[in-house]
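Letter by letter, the chains look like this.
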Amino acid sequence: MRYLPLTDTDRQAMLATIGASSIDDLFIDVPAEARLPGPIAGLPAHASELAVERHMTRLARRNLSAGEAPFFLGCGAYRHHVPASVDHLIQRGEFLTSYTPYQPEIAQGTLQALFEFQTQVARLFGCDVANASMYDGSTACWEAITMARRVTKRGKAILSAGLHPHYVSLAKTMARFTGDLLDTALPTLTPGAPGDDMARLLAGIDADTSCVVVQNPNILGHVADLSELAARCHDKGALLIAVVTEPVALGAIRSPGEMGADIVVGEGQSIGVGLNFGGPYVGLFACNEKHVRQMPGRLCGVTTDADGQRGFVLTLSTREQHIRREKATSNICTNAGLCALAFSIHLTLLGETGLRNLAALNHAGAVAAAERLATLPGVELVNGAFFNEFTLKLPREARPVVRALADMGILGGVSLGRLYPDAADLANGLVVAVTETSTAEDVEALAQALEAEIAA
Amino acid sequence: MTTYYTEDHEWIAVEGGTATVGITDYAQAQLGDIVFVELPAPGTNVAKGGEAAVVESVKAASDVFAPVTGTVSEANGALEEDPALVNSAPEGDGWFFKLALADPAELDGLMDAAAYKAFCDSL
Amino acid sequence: MSMNSEGRVTRPETLAAADAPATFTGNRALMLEEALIFERDDYARTGVDIAEAPATSSRLGGLERHRAIGLPGLTEPEAVRHYTRLSRQNYAIDLGLFPLGSCTMKHNPRLNEKMARLPGFADIHPLAPVDTVQGALAVIDELAQWLVTLTGMHAVAMSPKAGAHGELCGLLAIRAAHDAAGSDRSMILVPESAHGTNPATAAFCGYKVENIPATADGRVDLDALTARLGPDVAGVMITNPNTCGLFERDMKRISDAVHAAGGYVYCDGANFNAIVGRVRPGDLGIDAMHINLHKTFSTPHGGGGPGSGPVVLSAALAPYAPLPFVAKQPDGSFRLIEEETADQDHPGSFGRMSAFHGQMGMFTRALTYILSHGADGLRQVAGDAVLNANYVLRSLDGLLDAPFGPSGPCMHEALFSDDGLAPGFTTLDIAKGLIDEGFHPMTMYFPLVVHGAMLIEPTETEGKAALDQFVGALRSVAERAKAGDEALKAAPAFAPRRRLDETAAARKPVLVWKDETLPQAAE
Ligand SMILES: Cc1ncc(COP(=O)(O)O)c(C=O)c1O
């Protein structure tokens, strides 16, 4: 076995040191009836690299990858070009095969990178501090709701209709057992501002409200000013939680922190990480300094060593499970370290200039695509304002259209029927994301296929 | 002023109807460098044995239980800036909070300095 | 004289290393100091060439960003150098033995990395039409079959994102099952030796937590547990093999007792590496167990994640498993069960616990690893892991106190206490001494049931020579700690940093870089 260095001679010598006659003897604490006599029947035996590679490659070929087709899917996961050096750097063994930096003297590389990541996320979101990552945007969102409960000592969260339905779904799963009250609503295809329910949110905030959770850009691509909402929350002693599922947008639009959000969480996948069929991704979590002790997750901070040299350590750990146990702010342990590193490297390669240019390019591409697609007979562009994703209202149900487009080799968007299977009003909605990876030819291919399919 | 001690290593200095509460020198030595103290807000009612404050070192967090029932009248704001006071002066400037006593009879079950010393020696 | 006819000094001149002068840069040859990206004056630079955006009218609704973000940029050569320099300040499995108990720091095969990066896996969208991702669903299904078979359980939930998230999945299933039965049991029992995530998870989903003591031989006290069971107890969380590196001999009896009292048994499977292919947890009566793919199945730890924590479930809990999941159809194709059809296909589900299908990138790696080993190789993995740990345990006989050593062999990790060190010397000193010897320290101060715990898990991917060198180093450091060698207090002396002041870091937390002035963004 190519991954097991011990030889039979080694094993015999080691057993002699131990004073056991066989490896099986080391399992004497396992009740005899639970000990398996040999390899589990019905499972294949070990295989060579070549054989495994052949098998996996065959499975991979059964998927239509985004790079093979005109591609317009978004709704919480975005395809952006990731520079080759990002993947090279995260595969350096010292990053890839290290552990959580519990021994700071020999983990300064990971720690400094985390400190840079925290600073980048805080600045991007317009907040004072950020943590060292969560699993993904959806779990970060729930963590923010529980944090608001701890900070305000209130238990009612109002979720915007424009919040990703899977994030809502997760919050409902948890709230059923934690006793949090959730006030939710389905989005509508309101012309100009789909998924926007600002009036409902503003009216709903009361003395029991712990937080309002609003996604920007929202699930239908609409972008909104959160300032009034933030002010109303603060008037009533509630927190505003902003969710960002497409951080590239923040190269073009104002950050939620700038607009007054108290906690900003997000999905960092679109910078550096890649699609990966949904995971691993990286949850981003930022907030105001005054709430830092209520934050979930790891935090890296600055200090000095015995020689007075600057160094980094994990800090404020008394919030965490390994010290506080059932009183911890969260149960998270393993987070998304390497994805956070990928995010940070990609953002460092972009820099302020690159991110702004990238955002501008995304927006311009999306505007052009939206204008082109809106010329199709019977197709209506629902959004007034958007960044790189917008919603079309088709003259027929969108879901079969998406399937038919896929048969033509075009991954044409996410149908709202997939996300909201029970909402008949939304069935004709198609959410189209346009990033720098979509070319003008791709857009034209989509337009023509869509036109043909609608007419069919 | 009379000072009492608990088996949870808190001290209570009582003067009139007001008790000042902190942790003992023994407790601070056990905890190591104190990095943060979470104190109850004035006006909070605490019940004997209930959680009243949290004291944290880098690798440990301990609840501080109210040794007696009462209403918090003041929290030691100096600890916010300088939690190290708990290490340097646990039974002086490093006090945690003051309470208006609800039931002075609750003090009867507590230890005096000599009894507490004997208690620590037995640990 | 002509060129090349004058000799040069080609032997080292003697100068004690300690006399080596401080350098101008602060660097020491290959040990290179690296400033923060924020400390450079690089706000205008970029390492990505991006086509200029065509002039279009903005549709940002008046939300255009005006203020600078404050993101420094580096060109590719600068970025590669920055992160390469940082990487060299890390210890890693690729560099040497990484005996962190409970963490299973085994070799991460590079074939796994290669397979995970096939565009057919890495470049597919979670909401792509299911007809276009049949290969991905096949990977999930194939891995699921392996996990179910290896554990002897009924079903598996693939979406949890790490071990702790798996614990949450298991406890939510337990809550949902009680809920369905109309019971509102509120208490989860956890042994005091449990990992912090166990009580934290129970509290996270609204349960109360009570500790169960351990016996003198490091195992759950069955009598104390049985005595505590009752109509308020929803379940227990038992780690097996446990965090002391011991197999819970009474596991089946514990399960039977819990079931008899109407509760469920959650097993923390973080230590599955010790028994994979040799023992099926399903034979021990458990109802749910997470498997850390980043431990037993070799997906890389990546400096803290990402992980993956599939949860195998008993027949009793399977109906409550989370959404979404993959179902194989009679024609061999795969379907995703999501909210849409859950009402008819999976009505008991407790719902969704992450945005998408779980850690696909970890599934491809773990399946690659499993196929590489096969059933025979996995059995050997457990055998060698346990052999290596026992070899370390016995090689330190008489030197370090092994509180449970006398009771027999350990499983995949060996546990020691700080008993017998010179006054003033601690586990921390041994850990830092090991750093100077070129090893990552063991897990320290966990589990909490042993004073100054040192938990050593060598894993099966270490050979005998590597173990012998590690044992030699540990013996040397432990002897110094027992003899009271003050120099050990100054360790590490050779790492990129000496001991760091964690007190200062926590008293005045500095968690982000603050510039004096933020440079203006280039427009
Ligand atoms: C015994 C035990 N349980 C649970 C966990 C939590 O797993 P994860 O870090 O994957 O969330 C760990 C990981 O360190 C562990 O060692």
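Presented here is an overview of the structure given in this document. (Residues numbered from 1 in each chain as written. Chains lettered and ligands numbered in written order. Predicted model: local features only at pLDDT ≥ 70, side-chain atom pairs only at ≥ 80, totals over all residues. Heavy atoms only, no water.)

Here the focus is the sheet that holds strand S8 (residues 70-75) of chain B. Residues and elements named next belong to chain B. The six strands lie next to each other as S1-S2-S3-S9-S8-S5, forming an open sheet whose pairing is antiparallel. Strands with a single pairing partner mark the edges of an open sheet, and in this sheet they are strand S1 (2-5) and strand S5 (45-46). With six bridges connecting them, strand S2 (residues 10-15) and strand S3 (residues 18-23) associate as antiparallel partners. By the bridge assignment, Glu15 is partnered in S3 with Thr18. (Pairing = 2+ DSSP bridges. Helix = DSSP H or I, 4+ residues; strand = E, 2+ residues; numbered from the N terminus.)

Moving on, we come to the pairing of strand S9 (residues 97-101) of chain B. All names here are of chain B. Here S9 shows one buried face, formed by Phe97, Leu99 and Leu101, and one open face, formed by Lys98 and Ala100. Pairing analysis gives four bridges linking S3 to S9, with the strands arranged antiparallel. Residue Thr18 lies in a different strand from S9, and its bridge partner there is Ala100. Pairing geometry for S8 and S9, over five bridges, is antiparallel. Looking at the pairing, Val72 lines up with Leu99 of S9. (Buried < 20%, exposed > 50% of the residue type's maximum accessible area, 1.4 Å probe, protein only.)

Looking now at the packing of helix H2 (residues 49-61) of chain A against helix H10 (residues 360-395) of chain C. The geometry of H2(A) relative to H10(C) is characterised by a closest axis approach of 9 Å and an angle of 140° between their N-to-C directions. Here H2(A) is positioned oblique relative to H10(C), judged by the angle of their axes. When the axes of H2(A) and H10(C) are compared, the crossing they make is right-handed. Along its contact with H2(A), which presents Val52(A), His55(A) and Met56(A), the element H10(C) presents Thr364(C), Leu367(C), Thr368(C), Leu371(C) and Ser372(C). Of the residues in the contact of H2(A) with H10(C), the class split is four nonpolar, four polar and no charged. (Axes fitted to C-alpha atoms, helices over the stretch in contact; angles between N-to-C directions. Parallel < 35°, antiparallel > 145°, perpendicular 65-115°, else oblique. Left-handed = near helix turned anticlockwise from the far one by under 90°. Contact = heavy atoms within 4.5 Å. Nonpolar A, V, L, I, M, F, W, Y, C, P; charged D, E, K, R; others polar.)

With respect to spatial proximity, 15 residues lie near the ligand, and among them Thr334(A), Ser102(C), Asp268(C), His294(C) and Lys295(C) are the closest. The environment around the ligand is built from residues contributed by chains A and C. Contacts to the ligand include Asn292(C), whose side-chain N or O atom sits 3.1 Å from an oxygen atom. A distance of 2.9 Å is found between an oxygen atom of the ligand and a side-chain nitrogen or oxygen belonging to Lys295(C). Surface burial for the ligand is 99%, taken as the share of its 390 Å² of free accessible area covered by protein chains. With three residues, helix H5 (residues 163-180) of chain C is the largest single contributor of residues to the shell around the ligand. (Near = heavy atom within 4 Å. Polar contact = N/O pair within 3.5 Å; in protein donor to acceptor, adjacent residues only side chain to side chain. Areas by Shrake-Rupley, 256 points an atom, 1.4 Å probe, with all protein chains shown as cover.)

We now examine the nonpolar core. Grouped together as the largest cluster of nonpolar side chains are 301 residues, with contacts concentrated most on Phe125(A), Ile145(A), Leu147(C), Phe297(C) and Ile430(C). Considering every element that reaches this core, the biggest residue donor is H10(C), with 18 residues. Excluding its chain neighbours within four sequence positions, the residues that come into contact with Ile430(C) are Leu400(C), Leu421(C), Met442(C), Met454(C), Leu474(C), Val477(C), Ala478(C) and Ala481(C). (Core = buried A, V, L, I, M, F, W, Y, C linked by side-chain atoms within 4.5 Å.)

We now examine the environment of Arg254(A). In this fold, Arg254(A) is placed in the loop between strand S5 (239-244) and strand S6 (263-267). Once residues lying within four places of it in the same chain are set aside, the contact partners of Arg254(A) are Asp225(A), Met259(A), Gly62(C), Leu63(C), Glu64(C) and Arg65(C). Looking at Arg254(A), its side chain comes within polar contact range of the main-chain oxygen of Gly62(C), at 3.1 Å.

In the structure shown here, the tally under the stated rule is 59 salt bridges over all chains. Arg310(A) is the salt-bridge partner of Glu39(C), the closest N and O atoms lying 2.8 Å from each other. Taken together, the residues Glu39(C) in the segment before helix H1 (76-87) and Arg310(A) in strand S9 (residues 310-314) connect one chain to another. Glu81(B) is paired through a salt bridge with Lys508(C); the nearest N and O atoms lie 4.0 Å apart. (Salt bridge = Lys/Arg side-chain N within 4 Å of Asp/Glu carboxyl O.)

Below, the discussion takes up helix H4 (residues 134-151) of chain C. All names here are of chain C. In this model, H4 (18 residues) spans 26 Å end to end at C-alpha, consistent with the 26 Å of a helix rising 1.5 Å per residue. Among the 18 residues of H4, 16 are classified as buried, and the element is accordingly described as predominantly covered. Gly152 lies just past H4 and shows a positive phi near 65°. (Expected span 1.5 Å × (residues − 1).)

Before going further, it helps to examine the interface of chain A and chain C. It is common to report an interface's size as the accessible area lost on association of the parts. Every contact between the two is made by 198 residues of chain A and, on the other side, 217 residues of chain C. Approximately 17,500 Å² of surface area, both sides summed, lies buried where chain A meets chain C, with 62% of it carried by carbon and sulfur atoms. The interface formed by chain A and chain C includes 17 salt bridges. The closest approach of N and O atoms between Glu258(A) and Arg65(C), which form a salt bridge, is 3.7 Å. In this assembly, chain A and chain C are joined by 101 residue pairs in polar contact (both at pLDDT 80 or more). By residue number, the principal contributor to the side of chain A that touches chain C is helix H11 (residues 337-373) of chain A, which donates 24 residues. (Buried area = accessible area lost by both parts, 1.4 Å probe.)

Spatial relationships are all this shows, so hold off on functional conclusions.
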